[in-house]
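What follows is each chain in one-letter form.
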Amino acid sequence: MIENNILTIKNLHVYTKDKLIIDGLNLSINKGKIHAIMGKNGSGKSTLAKVIAGHPNYKITQGNILFNHQDITDEEPDKRSHKGIFLAFQYPIEIPGVNNIDFLRLAYNTKQKTKNEQEIDPLSFFELINKKLKTIDMDPIFLNRNVNEGFSGGEKKKNEILQMSLLNNQLSILDEIDSGLDVDALKSIAKQIKSLINKNNAILLITHYQKLLDYIKPDYVHIMNNGKIIYTGDASTASQIEKYGYDYIQRK
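Rules and cut-offs
Each chain carries its own residue numbering, running from 1 in the written order of its sequence. Reporting of local features is limited, given that this is a predicted model, to residues whose pLDDT is at least 70; pairs of side-chain atoms are given and counted only at 80 or more, and all residues count toward the totals for whole chains, interfaces and linings. Excluding hydrogens and water, the side-chain values take into account all heavy atoms of the structure. A pair of strands is labelled paired if DSSP reports no fewer than 2 bridges between them. Numbering of helices and strands runs from the N terminus; a helix is a DSSP stretch of H or I covering at least four residues, while a strand is a stretch of E covering at least two. Contacts between residues were defined by any pair of non-hydrogen atoms, one from each residue, lying within 4.5 Å. For helices, the fitted line uses only the C-alpha atoms of the stretch in contact; every axis is such a line through C-alpha atoms, and the angle between N-to-C directions lies from 0 to 180 degrees. In this scheme, a residue with accessible area under 20% of its type's maximum is buried, one over 50% is exposed, and one in between is partly exposed, where area comes from a 1.4 Å probe on protein chains only. Aromatic pairs are defined between Phe, Tyr and Trp rings, using the six-membered ring for Trp, whenever the two ring centres lie within 6.5 Å; interplanar angles under 30 degrees are classed as stacked, those over 60 as edge-to-face, and all others as tilted. Put simply, a nonpolar core is a bunch of buried Ala, Val, Leu, Ile, Met, Phe, Trp, Tyr and Cys residues held in one set by side-chain atoms that sit within 4.5 Å of each other. Expected span of a helix: the number of residues minus one, times 1.5 Å. In this description, one arc is meant: the one made by directions from the helix axis to the C-beta atoms. For the purposes of these results, a polar contact is taken to be a pair of N or O atoms within 3.5 Å, where, inside protein, one atom must be able to donate a hydrogen and its partner to accept one; residues adjacent in sequence count only when each atom of the pair is a side-chain atom.

In the annotation of an unreviewed UniProt entry, the protein chain is listed under the name Probable ATP-dependent transporter ycf16 and assigned to Bostrychia moritziana.

Here's what the structure looks like:
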């Protein structure tokens, strides 16, 4: 239904360093749905994630990105974030000297301010963030460490999920959130991601691997090749690719 639509991408063409990366891509995402994008290396998956979030290194030459029926094609990244778009990085960076809880409270209050809602004091925020920590089974000790500094791969990914939960975004884009995780960490992250989907938001997963999708079971799996989506199926699509490879899709 049109009123349930969160994101619509129409005929998108994107260049970086004079090279065409996204070539006429179309995508529609509705509330309450989990979408996954798969594809070979160099197919444009991570570029798409960054373009939706507004990364300045990519130039849109044709097409539109609509978020909640508003054209955001030329909007700055911070404006997109304030409207409810969140991007979890494949390789979250370390920020020495910046305390994690201070970083999270600043991000939360910045979003509150843009919504003309009351900012939250440190004590109230501490109560709020501890509830979020319990939801995603994360040790409170990480609040008092510098952002991602000395974190393991799984801990960095959990910190991204904590941000996603705290900021309560409408569209969360998780770019290879499964990379570098062992089986136990992958199961934990998948469980946390599933707990955050509801009727008012949507999640876009970008991944190479079937295993994450075994745990999450997305509503739709899109296959990218040469900068466009060439096939859309259900969760079983990932297992078919695992078994037969991407050439299976191109033969269909």
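The rest of the description comes next.
With that out of the way, let us pick up the sheet that holds strand 5 (residues 70-71). Strand order in this open sheet of four strands is 2-1-4-5, and the pairing throughout is antiparallel. Single-partner strands in this sheet number two, and they are strand 2 (19-30) and strand 5. Against the sheet, helix 1 (residues 45-53) engages strand 1 (5-16), strand 2 and strand 4 (59-67), with an angle of about 115° to strand 1.

Extensive coverage of helix 1 is indicated by the burial of eight of its nine residues. Along helix 1, the residues that are buried comprise Lys-45, Ser-46, Thr-47, Leu-48, Ala-49, Val-51, Ile-52 and Ala-53. Directly beyond the C-terminal end of helix 1, a positive phi value near 95° is found at Gly-54.

Okay, the pairing of strand 2 next. Note that strand 1 and strand 2 share nine bridges and pair antiparallel. Bridge pairing in strand 2 places Thr-8 opposite Ser-28. The hairpin turn running from strand 1 into strand 2, its antiparallel successor, is two residues long, and Lys-17 in that turn takes a positive phi close to 50°.

We now examine the sheet that holds strand 6 (residues 85-88). Spatially, 6-9-10-3-11-12 is the arrangement adopted by the six strands of the open sheet, whose pairing is mixed. Two strands close off the open sheet at either side, each with one partner strand: strand 6 and strand 12 (228-233). Between one strand and the next, the sheet's axes are offset by a mean angle of 20°, whatever the strand orientation. Relative to strand 9 (residues 171-175), strand 6 runs parallel, the two sharing four bridges. Note on strand 9: the bridge partner recorded for Ile-85 is Leu-171. Contacts from helix 1 reach strand 3 (34-39), strand 6, strand 9, strand 10 (202-206) and strand 11 (220-225) within the one sheet, and its direction differs from that of strand 6 by about 145°. In the packing of helix 8 (residues 236-244) onto the sheet, the strands contacted are strand 3, strand 11 and strand 12, and the crossing angle to strand 11 comes to about 45°.

Taken as a whole and assessed by the stated rule, the structure comprises two aromatic pairs. When the ring of Phe-142 is compared with that of Phe-151, the centres are 5.0 Å apart and the planes differ by 65°; the resulting orientation is edge-to-face. By the burial criterion, Phe-142 is buried, and Phe-151 matches it.

The next thing to look at is the environment of Asp-219. Here Asp-219 is to be found in the loop between helix 7 (210-216) and strand 11. Sequence separation of Asp-219 and Gly-233 is 14 residues, and the distance between their C-alpha atoms is 8.5 Å.

Core analysis: the biggest nonpolar cluster contains 42 residues, and Ile-161, Leu-174, Ile-193 and Leu-205 have the highest contact counts within it. Apart from residues lying up to four places away in sequence, Leu-205 is in contact with Ile-34, His-35, Ala-36, Ile-37, Leu-174, Ile-193, Leu-213 and Ile-216. Membership of the second largest hydrophobic core comes to 28 residues, among which are Ile-9, Ile-65, Ile-206 and Met-224.

For the rest of this paragraph, the subject is helix 3 (residues 100-114). A rise of 1.5 Å per residue sets the reference length of helix 3, with its 15 residues, at 21 Å; its end C-alpha atoms lie 22 Å apart and thus fit the reference within 8%. Looking at helix 3, one finds that the buried residues are Asn-100, Ile-101, Leu-104, Tyr-108, Asn-109, Lys-111 and Gln-112. For helix 3, the buried positions fall inside an angular range of 155° around the axis, keeping them on one side. Facing away from the buried side of helix 3 by over 90 degrees, the exposed positions are Leu-106 and Lys-113. Buried residues belonging to helix 3 abut helix 2 (77-83), strand 7 (95-99), helix 4 (122-135), strand 8 (146-147) and helix 5 (153-167). The distance from a side-chain oxygen at the start of helix 3 to the backbone nitrogen of Ile-101 is 3.1 Å, and the residue carrying that oxygen is Asn-99. Once helix 3 finishes, Asn-116 follows within two positions and takes phi at roughly 60°, a positive value.

Another point: the side chain of His-35. Counting through the fold element by element, His-35 comes out in strand 3. At a separation of 2.8 Å, a polar atom in the side chain of His-35 contacts the side chain of His-222. Apart from the residues within four sequence positions on either side, His-35 is in contact with Ser-28, Ile-29, Asn-30, Ile-203, Leu-204, Leu-205, Pro-218, Tyr-220 and His-222.

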